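Read off the chains here:
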Amino acid sequence: MDGMDGELLARMPLAEAVLLVWRYLADEGQLQAVFERYRGRCYEDTITFPVMVQLIADALLEHQGSGNQSFCRASESGELAATTRAAYGKLGRLPIALSVGLLSELTDRLRALFPQEAKRKPPRSLESFAVVTIDGKTIKRVAKRLKPLRNVSGGVLGGKTVVATEFSTGLALAMAADPDGHVNDVRLLPQLLPEARGCLDGPRLWLADRQFC
């Protein structure tokens, strides 16, 4: 057995564990409940929310982030009973609140599985606090899909997200997002903090850079 085969076999238990955890987190009943709770005016037809979530997961895990490859493969196999154009349209119409709710609810289920011995411990002086880090991210280098933009210099900004991460596990607890990539991170805090507070009991210590002060 050469080195490549040995490395592959060594990683297989981890890959299987990831897929098993994903199946638990993204159980169809759970996804449907999340959709009903956060969908707003969004509705389902041929493409259900669990199907869309699985298509996105396939794009990330199998197709290096290519939604087109994921949609085409699913259409060929019969998993997607609609056109790829319809899938893109459905994805574009999903409300931000649904993405935010999906993250928080699935993270809550994942935290219940997190092994205690794998958690990071803060300094002894901070052991009584639930330490939460906050940071923002602008989605950059967005592909120029519109034909008039293809020969125009300069980059295209996507949206802005601010995420609260639990220090002990490294898991993202909550997220606030805005489609305007130029929005200031601080403006998203009123949406983010209540979501993060709902995930943790007891006193909390918030860590963020000085622009949030």
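Look above for the structure.
Just so it is clear, the structure is predicted and the values come from calculations on it, not from any experiment.

Draft legend 1. Just the pairing of strand β1 (residues 130–138), in detail. As paired elements, β1 and strand β4 (residues 204–207) share four bridges and run parallel to each other. When the bridges of β4 are listed, valine 132 appears paired with tryptophan 206. Bridge count for β1 against strand β2 (residues 160–166) is seven bridges, and the pairing is antiparallel. Residue pairing for β2: isoleucine 134 is matched across the bridge by alanine 164.

Draft legend 2. Structural view of a nonpolar patch on the surface. Among the surface-exposed residues, Leu19, Ile56, Leu60, Leu61, Tyr88 and Leu91 lie close enough to one another that they form a single nonpolar patch of about 560 Å² accessible area. Broken down by element, the residue count for the nonpolar patch peaks at three residues, all from helix α3 (residues 49–62). Relative to the assigned elements, isoleucine 56 resides in helix α3.

Draft legend 3. Expanded view of the packing of aromatic side chains. For the structure shown, the criterion picks out two aromatic pairs. Between the aromatic rings of phenylalanine 71 and tyrosine 88, the centroid separation amounts to 5.0 Å while the plane-to-plane angle is 80°, which identifies the pairing as edge-to-face. A residue pair is termed long-range when its members are at least 10 positions apart, and phenylalanine 71 in helix α4 (residues 67–77) and tyrosine 88 in helix α5 (residues 84–93) qualify at 17 residues. The class of phenylalanine 71 is buried, set by a relative accessible area of 2%.

Draft legend 4. Quick look at unusual backbone geometry. Within the chain, glutamine 64 stands out as a residue other than glycine whose phi angle is a positive 50°. Along the chain, the position of glutamine 64 falls in the loop between α3 and α4.

Draft legend 5. Layout of the pairing of β2. Among the seven residues that make up β2, five are buried, leaving the element largely enclosed by the rest of the structure. In terms of strand pairing, β2 meets strand β3 (residues 172–178) through six bridges, oriented antiparallel. Each residue of the ladder has a partner; that of threonine 161, found in β3, is alanine 177. Here β2 folds back onto β3, and the loop between the two strands holds five residues, one of which, glycine 170, carries a positive phi near 80°.

Draft legend 6. Geometry of helix α6 (residues 96–113). If you check α6, its first and last C-alpha atoms are 27 Å apart, about what 18 residues at 1.5 Å a residue would give, namely 26 Å. Burial in α6 covers these residues: Leu98, Val100, Gly101, Leu102, Ser104, Glu105, Leu106, Thr107 and Arg109.

Draft legend 7. Focus on the environment of lysine 160. With respect to the helices, strands and loops of the structure, lysine 160 is situated in strand β2. Not counting residues up to four positions away in its chain, the partners in contact with lysine 160 are Lys137, Thr138, Ala176, Ala177, Asp178, Asp180, Gly181, Val183, Asp185 and Leu188. Separated by 2.7 Å, the side chain of lysine 160 and the backbone oxygen of valine 183 make a polar contact.

Draft legend 8. Summary view of the sheet that holds β4. Spatially, β3-β2-β1-β4 is the arrangement adopted by the four strands of the open sheet, whose pairing is mixed. Looking along the sheet, the strands with just one partner apiece sit at the ends: β3 and β4. Put simply, the sheet's adjacent strands are angled 20° from each other on average, direction ignored. Its contacts with the sheet place α6 against β2 and β3, and it is angled at close to 175° to β3. Here helix α7 (residues 189–197) sits on the sheet and contacts β1, β2, β3 and β4; the angle it forms with β3, its principal contact strand, is near 160°.

The rules behind the values
- Residues numbered from 1 in each chain as written.
- Predicted model: local features only at pLDDT ≥ 70, side-chain atom pairs only at ≥ 80, totals over all residues.
- Heavy atoms only, no water.
- Pairing = 2+ DSSP bridges.
- Helix = DSSP H or I, 4+ residues; strand = E, 2+ residues; numbered from the N terminus.
- Patch = residues over 30% accessible without salt bridge, like charges linked within 9 Å, V, L, I, M, F, W, Y side chains within 5 Å.
- Areas by Shrake-Rupley, 256 points an atom, 1.4 Å probe, with all protein chains shown as cover.
- Salt bridge = Lys/Arg side-chain N within 4 Å of Asp/Glu carboxyl O.
- Phe/Tyr/Trp six-rings, centres within 6.5 Å; stacked < 30°, edge-to-face > 60°.
- Buried < 20%, exposed > 50% of the residue type's maximum accessible area, 1.4 Å probe, protein only.
- Expected span 1.5 Å × (residues − 1).
- Contact = heavy atoms within 4.5 Å.
- Polar contact = N/O pair within 3.5 Å; in protein donor to acceptor, adjacent residues only side chain to side chain.
- Axes fitted to C-alpha atoms, helices over the stretch in contact; angles between N-to-C directions.

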